[in-house]
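# A closer look at the structure
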Amino acid sequence: MARTMAEKVWEEHVVRRADGEPDLLYIDLHLVHEVTSPQAFEGLRLAGRSVRRPDLTIATEDHNVPTQDLLAPIADPVSRKQVETLRKNCSDFGVRLHPMGDIDQGVVHVVGPQLGLTQPGMTVVCGDSHTSTHGAFGALAFGIGTSQVEHVLATQTLTMAPFKTMSVTVDGTLRPGVSAKDIILAVIAKIGTGGGQGYVIEYRGEVIEALSMEARMTVCNMSIEAGARAGMIAPDQTTFDYIEGRPHAPKGADFDAAVEHWKSLRTDEGAVFDAEVVLDADELSPFVTWGTNPGQGVPLDGSVPDPASYEDPSARAAAEKALAYMDLKAGTPMREVRVDTVFLGSCTNGRIEDLRTAAEIIRGRRVAEGVRMLVVPGSMRVKEQANEEGLGRVFEEAGAEWREAGCSMCLGMNPDQLKPGERSASTSNRNFEGRQGRGGRTHLVSPQVAAATAVRGTLSSPADLVAQ
Amino acid sequence: MEKFDVHTGRAVPLRASNVDTDQIIPAVYLKRVSRTGFEDGLFAEWRKSDPDFVLNRPEYQDASVLVAGPDFGTGSSREHAVWALQDHGFRVVLSSRFADIFRGNALKGGLLAVLLPQEVIDRLWEAVEADPATEVTVDLVEREVRSPAANVREPFELDDYTRWRLLEGLDDIALTLRHTDAIGAFESTRKSWLPVTL
């Protein structure tokens with residue numbers, strides 16, 4: 001029977017199948033960070049258990065870490081203790097850790113792919129919902145809770161309830177200035193924050209096939225914002241070229257054998273998805289959010305919607321609440337929305353290509369008066385590469401702050417936060433109330449829009465700069 | 001894990017959709033390394049900023065059933081959201097749609113996340129708003145939610161395996177460790193070129 005890629009990867013990982021029980025799946029790679037792991041390691045300790053496969057486990061420090069003064073101790077004692085706890089746990093249980101100061105430290109979802117640890121057909125988990133990022137390689141990758149982190153540490157497996165499959169096909173041609181971020185924001189606005197609930201999404205079509213690995217990761221990263229636990233893209237030559245030569249990639253004859261296998265993972269001709277969504281790329285334009293969930297977005301050319309225009313009373317109430325929190329009036333053109341802060345970074349848009357794109361727009365220009373721009377590379381390796389390419393200097397000369405790697409203002413667990421009432425244009429993934437700091441207001445945007453917004457001080461696209 | 005069979009308690013009406021886990025417990029409370037004591041973080045911002053927020057109202061103080069709007073628990077995978085609800089005293093969350101990861105975390109940890117039609121949620125909201133003393137019974141044995149005052153007697157779905165595990169209060173890891181031989185056998189078939197981290 002013809003099968004989808006997600007079904008093939010699942011089948012290859014079934015350790016045990018029994019009537020009336022969920023499948024027990026093997027996990028090929030477990031990524032660990034400081035926030036969702038301490039209680040899991042403590043659980044192992046209390047039960048006298050060990051980590052079954054430390055060689056399939058890797059840890060880094062990302063959520064809490066400051067992005068400046070790396071050599072100073074972490075000022076917040078609670079954050080410091082959490083990072084120190086991770087270091088002790090990794091040392092006690094034999095898990096490899098990339099700590100602050102290490103060239104391979106950074107956001108966990110940037111680190112895995114850059115080391116070549118994320119490969120097609122693998123099962124990848126992490127106590128972080130944006131683990132869906134790794135699906136860009138054709139891996140089945142999903143976020144898990146701390147109980148499951150402990151389960152994977154102890155057994156290298158997970159019991160999993162079955163999922164449904166959804167295809168999201170993007171055909172046509174992307175217009176200039178329209179990016180992977182705009183594709184996924186448009187998908188979320190179309191199917192809603194619960195639209196993917198219970199599904200694994202496979203992104204397909206000529207536009208997806210033409211995307212770089214970085215852009216594919218941006219798309220898969222935000223599958224969770226559409227409610228889907230995982231998003232996947234079929235591995236192809238772009239994928240193989242990205243992996244080849246990375247530290248943990250197969251070498252020589254092994255690489256050839258791996259590629260042969262990876263090619264077999266593609267969804268079979270005639271396989272049936274449980275749901276199908278189609279998007280016409282020609283109709284896409286730069287997208288921005290106006291509300292407090294990622295489904296509340298409009299094209300940048302649009303205006304803040306009128307809650308009265310929603311027929312569903314629950315959506316109407318949500319829109320009213322969002323506009324009050326965001327301090328926006330219905331009908332205001334999005335381009336007139338003024339920001340205090342621009343955040344470029346995160347597991348969604350903190351990779352080298354994102355920095356290149358933004359630097360190209362900002363080169364020779366200045367960040368607008370009164371606007372603070374934070375540029376936070378996804379990993380120290382990304383930072384090093386960006387500096388070699390002169391991108392760091394471009395940001396600094398424009399008046400932006402060029403920081404060290406981490407999750408930073410995406411969720412404000414470190415000192416990088418919005419103050420109450422401040423408004424950001426952010427390349428991250430969540431515009432929830434208070435996400436970037438208590439009382440802060442977030443507009444999700446692409447790196448292109450972030451860079452143009454930094455220059456103009458109001459939500460803008462690169463085309464607006466040319467027109468200036 | 002505490003066993004769950006039948007629970008009867010008062011309910012809190014949370015009339016909001018898309019309640020994400022950042023609202024259930026803001027990130028600042030995730031820095032702790034302990035497993036208990038997260039009740040102070042539960043809906044911390046809403047409790048601080050809105051005196052009329054349902055959890056601030058005295059009539060709902062002893063409730064143990066949260067009647068939530070659709071798309072409850074979206075966003076971050078933080079299991080702290082489940083812990084905060086449990087530490088506050090909730091045993092059950094009812095909603096017409098849950099985010100996958102939240103529901104999985106809840107059912108792993110013994111917080112019963114029950115799917116009900118929105119129309120039933122609406123009736124429960126009206127009943128507990130009219131009379132906060134209204135009791136709701138969640139019966140895992142019969143897989144049924146009952147509240148005579150709200151005129152609700154509604155079956156719910158939960159797979160047999162999860163139901164059994166919750167009824168018995170079983171530790172998932174101990175169950176899986178019974179199959180260590182199968183795990184070992186699977187490992188011997190894994191492709192030699194798969195990456196290792198050490």
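Predicted, not measured: the structure shown is a model, and the values here were computed from it. As a convention, each chain's residues are numbered from 1 in the sequence order in which they are written. Following the order in which they are written, the chains are lettered starting with A and the ligands numbered starting with 1. Only residues with pLDDT of 70 or above have their local features reported here, since the model is predicted, and side-chain atom pairs are shown and tallied only from 80 upward, although totals for entire chains, interfaces and linings are computed over all residues. Each side-chain value is derived from all of the structure's non-hydrogen atoms; neither hydrogens nor water enter the calculation.

## What about the sheet that holds strand E3 (residues 92-95) of chain B?
Residue and element names in this part refer to chain B. For clarity, the cut-off: Strands pair, by our definition, only if DSSP identifies at least two bridges between them. What counts as a helix is a DSSP run of H or I of at least four residues, what counts as a strand is a run of E of at least two, and both are numbered from the N terminus. To obtain each axis, a line is fitted to C-alpha atoms, and for helices this fit is confined to the stretch in contact; angles are then taken between N-to-C directions over 0 to 180 degrees.
One open sheet accounts for 7 strands, arranged E4-E3-E2-E1-E5-E6-E7; its pairing is mixed. Taken across any chain shown, the strands that pair with only one partner, and hence form the sheet edges, are strand E4 (112-115) and strand E7 (152-155). Sheet twist, expressed as the mean angle between neighbouring strand axes with direction ignored, is 25°. Bridging between strand E1 (residues 6-14) and strand E5 (residues 135-139) involves 5 bridges; their strand directions are antiparallel. Following the sheet pairing, Thr8 is matched in E5 by Thr137.

## Comments concerning the UniProt feature "binding site: [4Fe-4S] cluster" (unreviewed entry) in chain A
Residues and elements named next belong to chain A. To be explicit about the condition: UniProt positions are given in the numbering used here, feature names are shortened, and annotations may be inferred rather than shown by experiment. Think of a 1 Å grid over the protein atoms and nothing else: a 1.4 Å probe that fits but is trapped marks a cavity, an open set flanked by protein within 12 Å on at least five of seven lines marks a pocket, and residues with an atom within 4 Å of a point count as lining. Throughout this description, buried means an accessible area under 20% of the type-specific maximum (1.4 Å probe, protein chains only), exposed means over 50%, and partly exposed covers the range between. In this description, contact between two residues means that some pair of their heavy atoms is separated by no more than 4.5 Å.
When the UniProt feature table is mapped onto this chain, "binding site: [4Fe-4S] cluster" (unreviewed entry) is found at Cys347, Cys407 and Cys410. Judged by maximum C-alpha separation, these annotated positions cover 64 residues in sequence but sit close together in space, the widest gap being only 8.8 Å. Within this annotated set, the largest cavity is lined by Cys347, Cys407 and Cys410. Its place among the elements puts Cys347 in helix H12 (residues 346-349). Overall, the relative accessible area of 8% leaves Cys347 in the buried class. In contact with Cys347, not counting residues within four places along its chain, are Val107, His109, Val110, His130, Thr133, Asn221 and Asn429. What makes Cys410 buried here is its relative accessible area of 5%. Apart from residues no more than four positions distant in its own chain, Cys410 is found in contact with Phe343, Ser346, Ser428, Asn429, Arg435 and Gln436.

## Description of the pattern of salt bridges
Any two side chains of opposite charge can pair if their charged atoms end up close together. The criterion, for reference: Salt bridges are identified by distance alone: a Lys or Arg side-chain nitrogen within 4 Å of an Asp or Glu carboxyl oxygen.
For the structure on display, the rule yields 44 salt bridges over all chains. Between A:Arg52 and B:Glu187 there is a salt bridge, and its shortest N-O distance comes to 2.8 Å. Of the two residues, A:Arg52 is situated in the loop between helix H2 (38-47) and strand E4 (57-60) and B:Glu187 in helix H8 (residues 180-187); the pairing between them involves two chains. A residue is classified by how much of its surface remains accessible, and A:Arg52, at 27% relative accessible area, is partly exposed.

## Considerations on the domain arrangement of chain A
Residue and element names in this part refer to chain A. The criterion, for reference: How far each domain reaches was decided by an automatic or database domain assignment. Two parts lose some accessible area (1.4 Å probe) when they are put together, and adding that loss for both gives the buried area. Polar contacts, as used here, are pairs of N or O atoms within 3.5 Å; protein pairs need one atom able to donate a hydrogen and one able to accept it. Residues neighboring in sequence count only if both atoms are side-chain atoms. Three residue categories are used. Nonpolar comprises Ala, Val, Leu, Ile, Met, Phe, Trp, Tyr, Cys and Pro, charged comprises Asp, Glu, Lys and Arg, and polar comprises the others, including Gly.
With domains assigned, chain A is organised as domain 1 (5-160), domain 2 (164-283) and domain 3 (291-467). Put simply, the middle of domain 1 and the middle of domain 3, counted by C-alpha atoms, are 28 Å apart. Listed per partner, the contact involves 24 residues of domain 1 and 22 residues of domain 3. Carbon and sulfur atoms supply 59% of the area buried between domain 1 and domain 3, which totals about 1,900 Å² over both sides. For the pair domain 1 and domain 3, the number of links is 1 salt bridge. In this structure, the salt-bridge partner of Arg381 is Asp104, at a minimum N-O distance of 3.0 Å. The interface formed by domain 1 and domain 3 includes 14 residue pairs in polar contact (both at pLDDT 80 or more). Of all elements in the fold, only helix H3 (77-93) and helix H4 (108-114) reach the threshold of two or more residues within the side of domain 1 that touches domain 3. Looking at the side of domain 1 that touches domain 3 element by element, the count peaks at 4 residues for H4. Taken together, the residues that form the side of domain 1 that touches domain 3 break down as 8 nonpolar, 13 polar and 3 charged.

## Some thoughts on empty space enclosed by the protein
As a reminder of what qualifies: Grid points are joined across faces, edges and corners, and a volume is the space filled by probe spheres set on the points.
Applying the stated criterion to the full structure yields 3 cavities of 30 Å³ or more. By volume, the largest cavity is sized at about 230 Å³. By residue class, the composition of the lining of the largest cavity is 8 nonpolar, 11 polar and 5 charged. Each pocket or cavity is described by its volume, and for the second largest cavity that value is around 130 Å³. Lining the second largest cavity are 15 residues, with A:Ile224, A:Gly227, B:Thr74, B:Gly75 and B:Ala99 sitting closest to its centre. Taken together, the residues of the lining of the second largest cavity sort by class into 6 nonpolar, 7 polar and 2 charged. Taken domain by domain, the makeup of the lining of the second largest cavity includes at least three residues from each of domain 2 (164-283) and domain 3 (291-467) of chain A.

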